[in-house]
Amino acid sequence: AKPVVKMASIMEGPLSKWTNVMKGWQYRWFVLDYNAGLLSYYTSKDKMMRGSRRGCVRLKGAVIGIDDEDDSTFTITVDQKTFHFQARDADEREKWIHALEGTILRHTLQLQEAEAGFVPSVQDFDKKLSEADAYLQILIDQLKVGFDHKNIHCFKMQHHFSLFFYRSLKVKASTINPVDGIYQPPLEIPVVNTTMPTQAALPTDASQVCKSDQRPSTLPVGPIVTVMGSLQTSTPNSTGEPPPISAFYAECLNRKIQFNAHIWTKSKFLGMSIGVHNIGQGCVSCLEHDEHYILTFPNGYGRSILTVPWVELGGECNISCSKSGYSANIVFHTKPFYGGKKHRITADIFAPNDKKSFCSIEGEWNGVMYAKWATGENTAFIDTKKIGIVKKKVRKLEDQLDYESRRLWRDVTVNLKLKDIDAATDAKHRLEEKQRAEARERKEKEQQWETRLFHEDGECWVYDEPLLKRLPTQRP
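Computed from a predicted structure; not experimentally measured.

Bringing the overall build of the protein chain into the picture now. Of regular secondary structure, the protein chain possesses nine helices and 22 strands. The buried share of the protein chain, taken over its 476 residues, is 45%. Here the analysis covers contacts within the protein chain between residues at least 6 apart in sequence; of these, 55% occur between residues at least 24 apart. As displayed, the protein chain offers around 25500 Å² of accessible surface, 50% of which is attributable to carbon and sulfur atoms.

Shown next, in the form of structure tokens:
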């Protein structure tokens, strides 16, 4: 039998290492030593075979960073120094990150638990992930405005864009046509007076609003917003355990504006990050003008989930109105790999049939945004930090029904506030297992889940009693 040689390395191969601005990326041959907790590098594989090492990175206490906009690069930060690496492609990066995380975990836990004589296990890692997941949920919840369901990650930011689109079209109206536009922001915005044409009649069927446009948008609906209802259900035609869908509705009666939306998510681990892809759309309806703006949502990312988690938004969103012809493209920029700012946002607004935007927006979606007009004029658009926050009002827990969010998740919420992660995780697990068991039982009995506030219409979920339905029909 051939002799078995036990290798200290668990992975080796080529990577590019960033050296400096002058030399840029340089090819190196890397060897990951699991037992020693070292990532050694050589100028070539031949030099590695001869033992001529160029340098090494000690992995005890290290943190891996990743940028999902670039699918091949990653960083290792340790002892206040950051090393930058580039793999051949996304698959190679994933293999390296997986191997590195295992090595970092082993040596970091050994360092932390050595004094207590504790031997780390896979269960300890699972616990760390559960803690990170719970903490990430807290951070995500901070982005919600007026809604209770955990699948809504980006509503506040969209409020700023509604106002953006609203104001932009107001300015554009002075040189082209008076049009009422809505952009993609949260719900707590001061009332903006705009000159708009009146329309003769309102559609009678709310479901037509959702079908009319294929792209989404969000709006600022004034300081008084009523959240009429929300729903969590499951996708009807998916296999396995279907993902939950969150549907929600809000209205501003004095402005005669309503907002109906649905969203569900796909999550993915990205090294030391979690990516949450938001799927769905919203519809902002300016009922006095019979205009309906369809909007999509940005994605959410939980970064540094095993150290100090933080959340950012990323991806492209769109807003359009089939009647007015106005549209907008919004990009939420994730933090770049090298330097750069967090929470950057850019947007362009287009007039009907125009390929060139008449207004561009740039800034931070949770800070200050600036507008640049086609005339060359630059103006401060909005400072979101100066926008007042309207606290939502909810019924007491004892007055809520069994399946309302705050009552349903109360045990999880209480333990998170007490910082008892174990108890919160147990409560979350019990609730989810109960829901899975109920879903299996309904499937076995061929029973459909009955919703209370929303109904399914094609691929949309529509609120049963929207403002559109309750308003009297207007006649010219």
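Here we take up the packing of helix 7 (residues 410-417) against helix 8 (residues 421-444). Each pair of packed helices gets described by two things: the angle between the helix axes and the distance between those axes. Where helix 7 contacts helix 8, the axes come no closer than 8 Å and their chain directions differ by 170 degrees. By the angle between their axes, helix 7 is roughly antiparallel relative to helix 8. Counted together, Asp411, Val412, Asn415 and Leu416 of helix 7 and Ile421, Ala423, Ala424, Ala427 and Lys428 of helix 8 form the full contact between these two elements. Across the contact of helix 7 with helix 8, the residue classes tally to six nonpolar, one polar and two charged.

Our focus in this paragraph is the environment of Pro466. Inspection of the secondary structure puts Pro466 in the loop between strand 22 (460-463) and helix 9 (467-470). Overall, the relative accessible area of 1% leaves Pro466 in the buried class. In the structure, Pro466 is positioned 208 residues away from Gln258 in sequence and 7.4 Å away in space, judged by C-alpha atoms.

Next up on the list: the pattern of salt bridges. Within the structure shown, the criterion is met by 14 salt bridges. One salt bridge connects Glu92 with Arg88, and the closest N-O pair in it is separated by 3.3 Å.

Once that is clear, we can look at the packing of aromatic side chains. If you walk through the whole model with that rule in mind, you get ten aromatic pairs. Ring centres of Trp18 and Trp25 lie 5.5 Å apart, and the angle between their planes is 75 degrees; on these two criteria the pair is classed as edge-to-face. Residue classification places Trp18 among the partly exposed residues on the basis of a relative accessible area of 27%. Taking the relative accessible area as the measure of exposure, Trp25 reaches 29% and is therefore partly exposed. Ring pairs connect the aromatic residues Phe30, Tyr41, Phe74 and Phe85, which therefore count as one cluster. The ring of Trp310 carries the charged tip of Lys342 above its face, separated from the ring centre by 4.0 Å.

Next up on the list: the UniProt feature "coiled-coil region" (unreviewed entry) in the protein chain. In the numbering used here, UniProt assigns the "coiled-coil region" (unreviewed entry) feature to residues 421-448. Span residues 421-448 is 86% helix and 0% strand, its end C-alpha atoms 34 Å apart.

Okay, the nonpolar core next. Of all hydrophobic cores here, the largest spans 32 residues; its most connected members are Ile330, Phe332, Phe358 and Ile361. Top contributing element to this core by residue count: strand 11 (residues 257-270), with four residues. Met11, Phe30, Ala62 and Val78 belong to the second-largest nonpolar core, a separate cluster that totals 24 residues.

About the cut-offs
- Residues numbered from 1 in each chain as written.
- Predicted model: local features only at pLDDT ≥ 70, side-chain atom pairs only at ≥ 80, totals over all residues.
- Heavy atoms only, no water.
- Helix = DSSP H or I, 4+ residues; strand = E, 2+ residues; numbered from the N terminus.
- Buried < 20%, exposed > 50% of the residue type's maximum accessible area, 1.4 Å probe, protein only.
- Contact = heavy atoms within 4.5 Å.
- Areas by Shrake-Rupley, 256 points an atom, 1.4 Å probe, with all protein chains shown as cover.
- Axes fitted to C-alpha atoms, helices over the stretch in contact; angles between N-to-C directions.
- Parallel < 35°, antiparallel > 145°, perpendicular 65-115°, else oblique.
- Nonpolar A, V, L, I, M, F, W, Y, C, P; charged D, E, K, R; others polar.
- Salt bridge = Lys/Arg side-chain N within 4 Å of Asp/Glu carboxyl O.
- Phe/Tyr/Trp six-rings, centres within 6.5 Å; stacked < 30°, edge-to-face > 60°.
- Lys NZ or Arg CZ within 6 Å of the ring centre and 35° of its normal.
- UniProt positions renumbered as here; feature names shortened; annotations may be inferred.
- Core = buried A, V, L, I, M, F, W, Y, C linked by side-chain atoms within 4.5 Å.

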